[in-house]
Amino acid sequence: MLEIEVNKLKRTVHELTELLTKEEKEKEKEKRPWKRNTVLNYMIKLVHPEIYCQIDNPKLGFPKNRRGIAQQLSPGHFVFIYVTSPEKKIIGLTKVVSNLTFTEGKWPYSVDLEWIIPPKLGLSLRDLGLDMRPRPGDTIFGLTDEKAQEIIGALNSQDDLDDSTLMYLNQKYSESEGVNET
């Protein structure tokens, strides 16, 4: 009989520990300066390196399964451009300047952008103290205004990429498959 009671108490302790751990994880998420797949005033958008092929006419594209996120974007939102592998860096800041448009293809939802901070050498997520790891299916990360200002300061401390570097990156990634968006 005593053994049964001890086992019940052990289960209860285990359940309470799991509950506390879950609550602690939720509190930690609330403290983060970013939110996964969330549209806020400032965001980080994951894009393929082919973005270098359209530096003069930047656009963001979204796949069909990200229509809900794409529909939340509107002119005036600010978007940091994070170039995925092999670069893995935030290279600049853009502003959404058009409403959402629909076309056929792999990236049917898109918005036009304008560079606010033109392309730089860039900063890794680690350089910026962001503890996020983009996963398959992630497309955008909303940021707090405070973190966005910190990133703006860090980007502004770097020189703009010169024309020869942009031309090199354009040539390097124009040979890649696919089109500019993630």
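Scroll up to find the structure.
Since the structure is predicted, the reported quantities are computational estimates derived from the model, not experimental observations.

### Description of the overall build of the protein
When its secondary structure is counted, the protein shows four helices and eight strands. Its helices and strands in sequence order give the protein the pattern α-β-β-β-α-β-β-β-β-β-α-α, from N to C terminus. In the protein, 74% of the contacts between residues at least 6 apart in sequence involve partners at least 24 apart. Accessible area of the protein: about 11000 Å², with a carbon and sulfur share of 50%.

### Description of the side chain of serine 124
By the secondary structure assignment, serine 124 is in the loop between strand S7 (109-117) and strand S8 (140-143). On the basis of relative accessibility, which here comes to 18%, the residue serine 124 falls in the buried class. Other than its neighbours up to four places away in sequence, serine 124 contacts Lys88 and Lys89.

### Brief notes about the nonpolar core
Counting 25 residues, the largest nonpolar core has Tyr52, Leu60, Phe62, Leu73, Ile81 and Val83 as its most contacted members. Elements with a contribution of two residues or more to this core: strand S2 (42-47), strand S3 (59-62), helix H2 (67-72), strand S4 (78-83), strand S5 (89-96), S7 and helix H4 (163-174). Of the residues forming this core, the biggest block, four residues, is contributed by S7. Setting aside residues no more than four positions away along its own chain, valine 83 makes contact with Val47, His48, Pro49, Ile51, Tyr52, Lys88, Lys89 and Ile91.

### A look at the pairing of S7
Pairing of S3 with S7 involves four bridges; the strand directions are antiparallel. Bridging across to S7, phenylalanine 62 finds its partner in tyrosine 109. Sheet topology places S5 next to S7; four bridges connect them, and they run antiparallel. Directly across from lysine 95, in S7, lies its bridge partner glutamate 114. Alignment of strand S6 (residues 101-102) against S7, held across two bridges, turns out to be antiparallel. Note on S7: the bridge partner recorded for phenylalanine 102 is tyrosine 109.

### Quick notes on the side chain of lysine 120
Tracing the sequence through the fold places lysine 120 in the loop between S7 and S8. Looking at lysine 120, its side chain comes within polar contact range of the side chain of aspartate 160, at 2.5 Å.

### Considering the packing of aromatic side chains
Overall, the coordinates contain five aromatic pairs when judged by the stated rule. For the ring pair tyrosine 42 and phenylalanine 78, a centre distance of 5.1 Å and an interplane angle of 20° mean the geometry is stacked. Of this pair, tyrosine 42 sits in strand S2 while phenylalanine 78 sits in strand S4; the two residues are 36 residues apart in sequence, bridging distant segments of the chain. Residue tyrosine 42 shares its accessibility class with phenylalanine 78, and that shared class is buried. Where tyrosine 52 meets tyrosine 173, the ring centres are 5.8 Å apart and the plane angle is 20°; that geometry is what we call stacked. Of the two residues, tyrosine 52 is situated in the loop between S2 and S3 and tyrosine 173 in helix H4; the sequence distance between them amounts to 121 residues. Pair check on accessibility: tyrosine 52 and tyrosine 173 agree, each one buried. A connected cluster of aromatic rings, assembled from ring pairs, spans Tyr42, Phe78 and Phe80. Just above the ring of phenylalanine 62 sits the side chain of lysine 45; from NZ or CZ to the centre is 4.6 Å.

Here is what the cut-offs are and how they apply
- Residues numbered from 1 in each chain as written.
- Predicted model: local features only at pLDDT ≥ 70, side-chain atom pairs only at ≥ 80, totals over all residues.
- Heavy atoms only, no water.
- Helix = DSSP H or I, 4+ residues; strand = E, 2+ residues; numbered from the N terminus.
- Contact = heavy atoms within 4.5 Å.
- Areas by Shrake-Rupley, 256 points an atom, 1.4 Å probe, with all protein chains shown as cover.
- Buried < 20%, exposed > 50% of the residue type's maximum accessible area, 1.4 Å probe, protein only.
- Core = buried A, V, L, I, M, F, W, Y, C linked by side-chain atoms within 4.5 Å.
- Pairing = 2+ DSSP bridges.
- Polar contact = N/O pair within 3.5 Å; in protein donor to acceptor, adjacent residues only side chain to side chain.
- Phe/Tyr/Trp six-rings, centres within 6.5 Å; stacked < 30°, edge-to-face > 60°.
- Lys NZ or Arg CZ within 6 Å of the ring centre and 35° of its normal.

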